[in-house]
Amino acid sequence: MNGIARRLLTAAGRGRAARLRGSPAGSGNRRPRRLVLGIETSCDDTGAAVVDDAGDVLGEALRCQKEVHLQAGGINPVVAQQLHRENIEQVVKEALSVSGVSVCDLAAIATTVKPGLALSLEVGLQYSLNLVNRYQKLFIPIHHMEAHALTIRLTHHVEFPFLVLLLSGGHCILAVARGVSDFLLLGQSIDIAPGDMLDKVARRLSLRKHPECCSMAGGKAIEHLAQTGNRQQHTFRLPMQQYRNCDFSFSGLQNLVNKAIVQKEKEEGIQEGEILSCVKDIAAAVQHAVAVHIIQRTYRAMLFCRKNSILSSKNATLVASGGVASNQYIRKGLQTLADANDFAFLCPPPRLCTDNGVMIAWNGIERLRAGLGVLHSTDGIRYEPKAPLGIDISKRVEEDSIKVPKLKKKIRWLAS
């Protein structure tokens, strides 16, 4: 996977097409390739990319607002909107320039319209509609989480159906992908997302002041410090143990962590805003609790899907995507879970797990191929800050009330 990412970066930097996976593009029956421009502005990253229907990324550009929001202690929607407005035209021009194509060469323009921050979505949609109307192009509205779920089909040969776990700063979703726009929702966070929780814990620990991770985003800082921490020094009660479903909860865990931090500050005689001597141990314990909670719910999803023949007992695949799926500790746990249950485990390269224009363009290609949601008219198109993914069958999961076996017996990683 790292090799794939390196080839993509190298090819994009040189302005050449980057093939992420095998495709029939070089076969004898050639036809004019179809190109899709993808535009992403759902949160705090302004991204654009051009992808063709052979799975080649011709070019991309990305402007990240991380540093600005890091200094402010969190994402400010008004600031994010302004930065999107300042960046979007240059980002799109750069992606087109690196690709060596013009808007006239495009078959369609695909843009994130849901879910996300309203002010951010508005910028991408407005800019895209101006291009679509000016150049008379097809328009493909994209569901942000659908794009994350399907990115794996750009980098690997993955057939439907597959189990997908979407982990990010704004979402935590377990679903079965049965088709390009056909999802069964098994469970989701009932409060905050894991990325949001880790960021808030990082702020409470004042990790911006820690010399090892002062320039890192919250979740990355937690992961970095956890590598040299002892998670066994702190134990946090796992959420929702009494509920046999696939939903997640992270706000209660965050409250437990905050109480532990307050207690340690009293013991060490320091004020909020100062760095605890045991900060690495807390980071390791928090990361472990988040990972185990995610693994337990994913385990139940595996059992549910097999029990109900939603996934085959053979050749089943678990896909993890989204920014938090870049966390190597969580990935290791999920890999171990998959191995123990005879699932293949796949993740996009870390750089394609976070928000980017490539995944939006690829989702556009998938929809263009399938003839799904490709619009000739943009009348009535609106952005949607909140939008469910697929058909919600979470009640069925709860009704099955599947007991998850003790994980330590099956997954040695948890006992290490």
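Just so it is clear, the structure is predicted and the values come from calculations on it, not from any experiment.

Re the overall build of the protein
- Helices and strands together make up the secondary structure of the protein, namely 15 helices and 12 strands.
- Looking at the protein as a whole, 56% of its 416 residues qualify as buried.

With respect to the sheet that holds strand S11 (residues 343-346)
- Read across the open sheet, the 6 strands follow the order S11-S10-S7-S8-S9-S12; overall the sheet is mixed. At either end of the open sheet lies a strand with only one pairing partner, and these are S11 and strand S12 (391-392).
- As defined by bridge partners, strand S9 (residues 182-188) adjoins S12 across 2 bridges and the pair is classed as parallel. Residue Leu184 lies in a different strand from S12, and its bridge partner there is Ile391.

Describing the nonpolar core
- Ranked by size, the top nonpolar core spans 69 residues in total, and within it Leu163, Leu186 and Met197 carry the most contacts.
- Considering every element that reaches this core, the biggest residue donor is helix H10 (residues 279-307), with 17 residues.
- What Met197 contacts, discounting residues up to four positions off in sequence, is Ile192, Phe250, Leu253, Gln254, Val257, Val286 and Val290.

Quick notes on unusual backbone geometry
- Put simply, Phe160 and Pro161 share a cis peptide bond, and its omega is -5°.
- Along the chain, the position of Pro161 falls in the loop between helix H6 (152-155) and strand S7 (162-167).
- For Asp342, which is not a glycine, the phi torsion comes out positive at approximately 60°.
- When its relative accessible area of 60% is taken as the criterion, Asp342 is described as exposed.
- Non-glycine residue Ser401 carries a positive phi angle of around 45°.
- You can see Ser401 is positioned in the loop between helix H14 (394-400) and helix H15 (407-410).

Here we look at helix H4 (residues 118-135)
- Taking 1.5 Å of rise per residue, 18 residues should cover 26 Å, and H4 covers 26 Å from first to last C-alpha, within 8% of that figure.
- Turning to H4, its buried residues are Ser120, Leu121, Val123, Gly124, Leu125, Tyr127, Ser128, Leu129, Leu131 and Val132.
- Looking at the buried side of H4, the elements it contacts are strand S2 (35-40), helix H3 (77-99), strand S5 (108-114) and strand S6 (138-143).
- Just downstream of H4 lies Gln136, where phi reads positive at about 55°.

Some points on the pattern of salt bridges
- Under the definition given, this model contains 15 salt bridges.
- Ionic pairing is found between Glu60 and Arg351, a salt bridge with its closest N-O pair at 2.6 Å. One end of the pair, Glu60, is in strand S4 (residues 56-64); the other, Arg351, is in helix H12 (residues 350-353), with 291 residues separating them in the sequence.
- Residue Glu60 is classed as buried on the basis of its relative accessible area, which comes to 12%.

A word on the pairing of S2
- Most of S2 sits out of view: 6 of its 6 residues are buried.
- Two elements, S2 and strand S3 (residues 45-52), share 6 bridges in a ladder whose sense is antiparallel. Residue pairing across strands places Gly38 opposite Ala49, the latter belonging to S3.
- Connecting S2 to the antiparallel partner S3 that follows it, the hairpin turn spans 4 residues.
- Where S2 and S5 come together, 4 bridges link them in parallel fashion. By the bridge assignment for S5, Val36 is matched with Ala108.

Comments concerning the packing of aromatic side chains
- Tallied over the entire structure, the rule returns 2 aromatic pairs.
- Between the aromatic rings of Phe160 and Phe162, the centroid separation amounts to 5.7 Å while the plane-to-plane angle is 10°, which identifies the pairing as stacked.
- Taking relative accessible area as the criterion, Phe160 reaches 23% and is therefore assigned partly exposed.
- Since its relative accessible area comes to 0%, Phe162 is described here as buried.
- Centroid distance Phe248 to Phe250: 6.3 Å. Interplanar angle 10°. Geometry classified as stacked.

A closer look at the confidence of the model for the protein
- Overall, the predicted model of the protein reaches an average pLDDT of 91, with 90% of residues at or above 70.
- Low confidence marks residues 1-19, where pLDDT is under 50. Its contacts with residues over four positions away, or in another chain, come to 36 contacts.
- Note that residues 21-28 has pLDDT below 50 and, in this model, 12 contacts with residues that lie over four places away or in other chains.

Some words on the side chain of Gln254
- Note that Gln254 resides in helix H9 (residues 251-268).
- Residues contacting Gln254, with those up to four places away along its chain left out, are Ile192, Met197, Lys200 and Val201.

Things to note about the environment of Gln81
- Take Gln81: it is sitting in helix H3.
- Accessibility expressed as a relative area gives 9% for Gln81, which makes it buried.
- Once the C-alpha coordinates of Gln81 and Leu117 are considered, the two residues, 36 residues apart in sequence, prove to be 8.9 Å apart.
- Ignoring sequence-local partners within four residues, the contact set of Gln81 consists of Leu119, Ser120, Glu122 and Val123.

Digging into H3
- Between its terminal C-alpha atoms H3 stretches 31 Å, which fits the 33 Å expected from 23 residues at 1.5 Å a residue.
- Maximum bend of H3: about 40°, positioned at Asn87.
- You can read the cap of H3 off the contacts: a side-chain oxygen lies 3.0 Å from the backbone nitrogen of Val78, and it is on Asn76.
- Where H3 terminates, the next one or two residues include Gly100, which has phi positive at roughly 75°.

Points about the environment of Ile192
- Here Ile192 lies in the loop between S9 and helix H7 (194-204).
- Residue Ile192 is classed as buried on the basis of its relative accessible area, which comes to 15%.
- Considered as a pair, Ile192 and Phe248 are 56 residues apart in the sequence and their alpha carbons are 8.8 Å apart.
- Among all residues touching Ile192, those that are not within four sequence positions of it are Met197, Lys200, Phe250, Ser251 and Gln254.

Calculation notes
- Residues numbered from 1 in each chain as written.
- Predicted model: local features only at pLDDT ≥ 70, side-chain atom pairs only at ≥ 80, totals over all residues.
- Heavy atoms only, no water.
- Helix = DSSP H or I, 4+ residues; strand = E, 2+ residues; numbered from the N terminus.
- Buried < 20%, exposed > 50% of the residue type's maximum accessible area, 1.4 Å probe, protein only.
- Pairing = 2+ DSSP bridges.
- Core = buried A, V, L, I, M, F, W, Y, C linked by side-chain atoms within 4.5 Å.
- Contact = heavy atoms within 4.5 Å.
- Expected span 1.5 Å × (residues − 1).
- Salt bridge = Lys/Arg side-chain N within 4 Å of Asp/Glu carboxyl O.
- Phe/Tyr/Trp six-rings, centres within 6.5 Å; stacked < 30°, edge-to-face > 60°.
- pLDDT = per-residue confidence, 0-100.
- Bend = angle between axes of the 7 residues up to and from the residue.
- Polar contact = N/O pair within 3.5 Å; in protein donor to acceptor, adjacent residues only side chain to side chain.

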